[in-house]
Amino acid sequence: MATPEFILSLRERVGHAPLWLSGVTAVVVRESAADARGREILLVRRADTGAWTPVTGIIDPGEHPAVAGARETLEETGVIAAPQALVRVGVTPVVTYANGDVTQYLDLVFRFRYVSGDPHPADGENSEVSWFPVDAMPPMSEDMQARVAAGLSGSDVAEFTAP
């Protein structure tokens, strides 16, 4: 997983001390041409953990969160997607990485509409990328299930969660 340069620069100054970072989750949905059941969701299998998740990433300093979601989707999957709504605002539990770095994320979940592109693992962060019918998704953590559910809810009003 590539660590953004701004975080590497911060880590040079603060070491392993806790960092509060902004993250984005892109729940990319398309109407299914191949499946009469309706919608499909774009999911990635993380190369580091093997877990299936929607696209996630860190928001760069000064970057609009919806733009970050579209950028991360393109970088990780080769898919172009357009933001539709902010559907969930959450705070992750504290994360301690294997190297001792500590962080916590403000996670902004957006529903995105598929525009174009054939999904593939585009940047090495994921080992697989695929469309899944919304009623036949692979197992995911409870947190990722909740993010996906918010994206699929149809509501344009964000829900607020806490760890």
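Calculation rules
Residues numbered from 1 in each chain as written. Predicted model: local features only at pLDDT ≥ 70, side-chain atom pairs only at ≥ 80, totals over all residues. Heavy atoms only, no water. Pairing = 2+ DSSP bridges. Helix = DSSP H or I, 4+ residues; strand = E, 2+ residues; numbered from the N terminus. Buried < 20%, exposed > 50% of the residue type's maximum accessible area, 1.4 Å probe, protein only. Contact = heavy atoms within 4.5 Å.

Looking at the pairing of strand 1 (residues 19–31)
Residues in a regular strand point their side chains to alternate faces of the sheet.
(1) Moving on: In this structure, strand 1 lies alongside strand 7 (residues 102–116), joined through 11 bridges in parallel fashion. Looking across to strand 7, one finds that Leu21 is bridged to Tyr105.
(2) Moving on: Two strands pair when backbone bridges link them, and strand 1 and strand 4 (residues 55–58) are joined in this way by four bridges, in the antiparallel orientation. Paired with Ala26 across the two strands is Val55, which belongs to strand 4.
(3) Moving on: Bridge count for strand 1 against strand 2 (residues 39–46) is three bridges, and the pairing is antiparallel. Among the inter-strand pairings, Glu31 is bridged to a residue of strand 2, identified as Arg39.

Overview of the side chain of Arg88
(1) Moving on: Mapped onto the secondary structure, Arg88 falls in strand 5 (residues 80–91).
(2) Moving on: The class of Arg88 is buried, set by a relative accessible area of 8%.
(3) Moving on: In this view, Arg88 contacts Asp107, Leu108, Val109, Asp143, Ala146, Arg147, Ala150, Ala158, Glu159 and Thr161; residues no more than four positions away in its chain are not counted.

Thoughts on the environment of His64
(1) Moving on: Structurally, His64 is set in the loop between strand 4 and helix 2 (65–77).
(2) Moving on: In this structure, the C-alpha to C-alpha distance between His64 and Gly154, residues 90 residues apart in sequence, is 22 Å.

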